[in-house]
Amino acid sequence: MTSVLYDAPGPVARRRERWGSVIGSVVVLVLLAVGAVAAARNGVFDADRWDVLYDPPKQTAADVWRSLLVTGLGATLRAAALAAPLALALGVALAVWRSTRLRALRIPAVGVIELFRGVPVLLMMFFALLALKLSSFEAVVFGLVVYNMAIVAEILRAGLAALPKGQAEAAYALGLSRPQTLFTILLPQAVRLMMPSLVAQMVVLLKDSSLGFIVGYQELLKVIQNNSYFYGNNYAFALFTVGTVVYLTVNLSLSWFARWLARRTSAQGNPEAVAEAAQRPGTGPGADAGARPV
Amino acid sequence: MDAVFAAFPTYLSGFAVTLQLTAWSAAIAMALGLVVAALRVSPLRPFRFFAAAYVEVLRNMPLTLIFFFAVFVLPQFGVIPPLGFWTAVLCLSTYTSAFVAEAVRSGINSVGVGQAEAARAIGLTFGQTLGEVVLPQAVRTVVPPLINVFIALAKNTSVAAGFAVVELTAAGRRLSQGNPSDTILLLVGVVVFYLLITIPMGVIAGAVERKVAFSR
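Residues numbered from 1 in each chain as written. Chains lettered and ligands numbered in written order. Predicted model: local features only at pLDDT ≥ 70, side-chain atom pairs only at ≥ 80, totals over all residues. Heavy atoms only, no water.

Keep this limit in mind: UniProt positions are given in the numbering used here, feature names are shortened, and annotations may be inferred rather than shown by experiment.
Looking at an unreviewed UniProt entry, one finds chain B named Amino acid ABC transporter permease and attributed to Cellulomonas carbonis T26. Its UniProt record, at the heading Subcellular location (unreviewed entry), says of chain B: "Cell membrane". The record in UniProt for chain B states the following under Sequence similarities (unreviewed entry): "Belongs to the binding-protein-dependent transport system permease family. HisMQ subfamily."

Looking at an unreviewed UniProt entry, one finds chain A named Polar amino acid ABC transporter permease and attributed to Cellulomonas carbonis T26. One UniProt comment on chain A, placed under Sequence similarities (unreviewed entry), says "Belongs to the binding-protein-dependent transport system permease family."

Encoded structure:
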């Protein structure tokens, strides 16, 4: 491993690292084993804590899985799928509003962004629920949308700022108007540049949909709780495990997608290099991208 | 409007709980996150692997799920975490430690390899290289994202409202359920208190970023 902290290891260091790795693995495995044994002693792995997943007492296993994956995960995804496009669209609108040249016009946009960025999503959901009298589903979507649109607007602002000045200048020189420049030249590039951050933000949005649990929306976590009340609290751990696996599967695939996008984008000119190039006159967007180690 | 002024003591006590949650969780998350970050840059593969798994799992898990585990699942095994405040601190600091570790790790990795190579070439020991060359540069890159992590933590303390901790958001909910006619104003009051925490922290992060900005 080449790292800022160590030289590339020689034969002696490599041997030492091999031994260290073996000992380290043993330490980690022993710790995990101790945890597992302690858990087993507490009955974590007993069949009567898990059979809800394959042979539940009062219903069929299909009922349990349907309630978890169709009702629960479905509700989570429905809230996220409605909130994500709304947040993206409103975020673009806010970013455009924030980039107007007139200061007086820009200030309200800055205010809206700073306000919604600084307030917890859960509070916005309560606001929708208690003050605006929305249903719990609408409240969840409302909270997710107002928070994430502010973040999306900030991400796009950073993307616009990272573009080389020459892009806008060339567009004006061709005689394009300001809106034309923004919508056909600058925004498409900013969106592409910030695509990894935007996808990562959608993971956050999906995670935050679990706050529906607190405002009474029947999403995955709430369904898990209902199931463990219905079948008995001794199944709480099994059901929780299913919930964790489902969340990790969905979010990790999205995160890996974001990372893959970032790698793909960086092959064509990485954001940092573009940002740096933007500060120097006379260099284009990926002009020195290949020269910089990423 | 009177309802808002009458609610002032409730706001203040909620605000105090939110601040305490933030401070305790920040301190514990910082300590835990530094350990995980150290494991993540260690030369030993199993430690790196363990730390990477820890960070990846926690970052992709909703905070609500962690609270759910501590409040509803752990008691099933006879582990009964102290209710309310300290359970919330436990969940918040575990969750945040993954983000701290990630910020610190990317800060260390942002220091140019040539810096450490040059330090070793002039004969500095590992400790000197780390203490005199790498860390001082890493700290500059780490501080602004770290402040952002703690801003997110301050907002995340609101999740504790769903699990029997009466902090700012829970106080706001109680107040507005008690005075249905003034709901909007009462919740706007809560918003103001959150902004009192998050906006100054954001300003500090921005100022630090500008102050330590340097080209490599």
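### Re the UniProt feature "transmembrane region" (unreviewed entry) in chain A
Residue and element names in this part refer to chain A. The condition is simple: A run of H or I in DSSP counts as a helix once it spans at least four residues, and a run of E counts as a strand once it spans at least two, with each numbered from the N terminus.
Taking the numbering used here, the UniProt-annotated feature "transmembrane region" (unreviewed entry) corresponds to residues 21-40, 75-97, 109-131, 137-156 and 237-258. In this annotation, residues 21-40 is assigned 100% helix and 0% strand; the end-to-end C-alpha distance for the span is 28 Å. Annotated as 87% helix and 0% strand, the span residues 109-131 places its first and last C-alpha atoms 23 Å apart.

### What to know about the packing of helix 4 (residues 63-73) of chain B against helix 5 (residues 85-110) of chain B
Residue and element names in this part refer to chain B. Inclusion rule: Axis angles are defined between N-to-C directions and span 0 to 180 degrees, where every axis is a line fitted to C-alpha atoms and, for a helix, only to the segment in contact. Angles are sorted into four bins: roughly parallel if under 35 degrees, roughly antiparallel if over 145, roughly perpendicular if 65 to 115, and oblique for all others. Rotating anticlockwise by less than a right angle from the far helix to the near helix defines a left-handed crossing, while the corresponding clockwise rotation defines a right-handed one. Any two residues whose heavy atoms approach within 4.5 Å at even a single point are treated as in contact.
Between helix 4 and helix 5, whose axes approach to 10 Å, the crossing angle comes to 140°. As judged from the angle between their axes, helix 4 and helix 5 are oblique. Helix 4 and helix 5 meet at a crossing whose hand is right-handed. Facing helix 4, whose interface residues are Leu63, Ile66, Phe67, Ala70 and Val71, helix 5 presents Thr87, Ala88, Cys91, Leu92 and Tyr95.

### Comments concerning the interface of chain B and chain A
We count it as follows: By definition, the buried area sums, over both parts, the 1.4 Å-probe accessible area that each loses when the two are put together. Here, a salt bridge means any side-chain nitrogen of Lys or Arg that lies within 4 Å of a carboxyl oxygen of Asp or Glu. Two N or O atoms form a polar contact when they lie within 3.5 Å of each other; inside protein one atom must be a possible hydrogen donor and the other a possible acceptor, and for residues adjacent in sequence the pair counts only when both atoms belong to side chains.
In this assembly, 53 residues from chain B lie in contact with 51 residues from chain A. Of the roughly 4,800 Å² buried between chain B and chain A, counting both surfaces, carbon and sulfur atoms make up 73%. If you sort the residues of chain B by the area they bury against chain A, B:Asn60, B:Phe68 and B:Phe77 come out on top, with a joint share of 14%. The interface formed by chain B and chain A contains 1 salt bridge. In this structure, the connection of chain B to chain A is made through 9 residue pairs in polar contact (both at pLDDT 80 or more). Those elements that place two or more of their residues in the side of chain B that touches chain A are helix 3 (45-59), helix 4, helix 5, helix 6 (113-121), helix 7 (126-156), helix 8 (168-178) and helix 9 (183-212) of chain B. For the side of chain B that touches chain A, the leading source of residues is helix 9 of chain B, giving 9 residues.

### Observations regarding helix 4 (residues 103-117) of chain A
All names here are of chain A. Definition in use: To estimate how far a helix should reach, multiply one less than its number of residues by 1.5 Å. Any residue under 20% of the maximum accessible area for its type is buried, any over 50% is exposed, and the rest in between are partly exposed; the area is computed with a 1.4 Å probe on protein chains only. To obtain the arc, one takes the directions from the helix axis to the C-beta atoms.
End to end, helix 4 covers 21 Å across 15 residues, agreeing with the expected 21 Å (1.5 Å per residue, within 8%). Those residues of helix 4 not exposed but buried are Ala109, Ile113 and Phe116. On an axial view of helix 4, the arc spanned by its buried residues comes to 80°, and they lie on one face. Among the exposed residues of helix 4, those pointing more than 90 degrees away from its buried face are Arg103 and Ala104. On the buried face of helix 4, the contacting elements are helix 3 (61-98), helix 5 (121-131) and helix 6 (136-162).

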